[in-house]
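Now for the letters of each chain:
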Amino acid sequence: RLAPAPRLGAAQMLLVLQLTWVLASALARVESDPRQWQPEDVAVWVTQIGLHEYRGAFRENNVDGARLLTLTLAQLGNELLISSAEHRLVLEMEIGELKLRHALLSPSERKAHRKAHPCIDGWPAKDVRKYLEAVGLGRYAGYFSARGTDGDALLGMNEVELGAVLLGHGDKESVEEREAALELLAAQLAMLRERSLTSEGEGECRT
């Protein structure tokens, strides 16, 4: 017979409620205008996009929302010292999507972002190969081509299926390099799926 769960005292209950409120408040701020974010809000966002290992880098550099939105690929490496090229690309992509969702891109920036991160629904396998080459994963493109992976099939692959392709090949690369490539592609596909589920995203994919 299982022992009854220990009862929390008044002080413990108060602490739980305070922590819950702090977390809820932080998440609510992250859904607000990113230009108003404080460094802690940026740290929450970094965790939300799956790159929690870089929370410290953003905090130490006191990156608030206004600065986050101006960070370039070069600055992510030179100023925040993010050494992984794949992770820098993920961050650049996510910053662009953040600005897209909050209508903070100029028409030319919006066009450039859409070109760099296009919707791939309906693409034939040959275009998927070109897409992988364009996002820095050309070394794996042949494995997807051999499977006849088209745009819809690629979008439908979960992280386990992607891992079977990326982690099971690329013998000339270290496990860490293959894992970074998996994180990059998984983040790219997650972003495209999220975009297609929103009314804004439907417009992005159909125009």
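The rules behind these values
- Residues numbered from 1 in each chain as written.
- Predicted model: local features only at pLDDT ≥ 70, side-chain atom pairs only at ≥ 80, totals over all residues.
- Heavy atoms only, no water.
- Salt bridge = Lys/Arg side-chain N within 4 Å of Asp/Glu carboxyl O.
- Phe/Tyr/Trp six-rings, centres within 6.5 Å; stacked < 30°, edge-to-face > 60°.
- Buried < 20%, exposed > 50% of the residue type's maximum accessible area, 1.4 Å probe, protein only.
- Core = buried A, V, L, I, M, F, W, Y, C linked by side-chain atoms within 4.5 Å.
- Helix = DSSP H or I, 4+ residues; strand = E, 2+ residues; numbered from the N terminus.
- Lys, Arg positive; Asp, Glu negative; His and termini not counted.
- Polar contact = N/O pair within 3.5 Å; in protein donor to acceptor, adjacent residues only side chain to side chain.
- Contact = heavy atoms within 4.5 Å.

**Points about the pattern of salt bridges**
Thinking step 1. Here the structure, examined in full by the defined rule, presents six salt bridges.
Thinking step 2. Connected through shared salt-bridge partners, Glu40, Arg55 and Arg59 make up one network.

**Focus: the packing of aromatic side chains**
Thinking step 1. Counting across every chain of the model gives two aromatic pairs.
Thinking step 2. Here the aromatic rings of Trp37 and Trp45 are separated by 6.5 Å at their centres, their planes lie at 45°, and the arrangement is tilted. Here the two residues Trp37 and Trp45 agree in accessibility, since each one is buried.

**Side note on the nonpolar core**
Thinking step 1. Ranked by internal contacts, the top residues of the largest apolar core, which has 44 residues, are Trp45, Phe58, Leu68, Phe144, Leu154 and Leu162.
Thinking step 2. Elements with a contribution of two residues or more to this core: helix H2 (39-48), helix H6 (85-101), helix H8 (125-134), helix H9 (141-146), helix H10 (151-156), helix H11 (159-166) and helix H12 (175-197).
Thinking step 3. Per element, the largest residue contribution to this core is nine residues, and it comes from H12.

**Observations regarding the side chain of Lys99**
Thinking step 1. With respect to the helices and strands, Lys99 occurs in helix H6.
Thinking step 2. One buried charge, Lys99, has no salt-bridge partner; the nearest side chain with opposite charge is Glu109, at 5.2 Å.
Thinking step 3. A polar contact is formed between the side chain of Lys99 and the backbone oxygen of Leu69, at a distance of 3.1 Å.
Thinking step 4. In this structure, Lys99 is in contact with Leu69, Leu104 and Leu105, ignoring residues within four places of it in sequence.

**With respect to unusual backbone geometry**
Thinking step 1. At Leu81, a position not held by glycine, the phi torsion is positive, near 60°.
Thinking step 2. The class of Leu81 is exposed, set by a relative accessible area of 65%.

**Remarks on the environment of Leu89**
Thinking step 1. Along the chain, Leu89 turns up in helix H6.
Thinking step 2. The class of Leu89 is partly exposed, set by a relative accessible area of 26%.
Thinking step 3. Each C-alpha atom, one on Leu89 and one on Thr72, is 9.9 Å from the other, the two residues being 17 residues apart in sequence.
Thinking step 4. Excluding residues that lie within four positions of it along the chain, Leu89 makes contacts with Leu73, Val135 and Leu184.

**Here's the deal with the environment of Gly65**
Thinking step 1. Mapped onto the elements of the fold, Gly65 is located in helix H4 (residues 65-68).
Thinking step 2. When the C-alpha positions of Gly65 and Asp33 are compared, they lie 8.6 Å apart, and in sequence the two are 32 residues distant.
Thinking step 3. Contacts of Gly65, omitting those with residues within four sequence positions, involve Pro34, Arg35, Trp37 and Val42.

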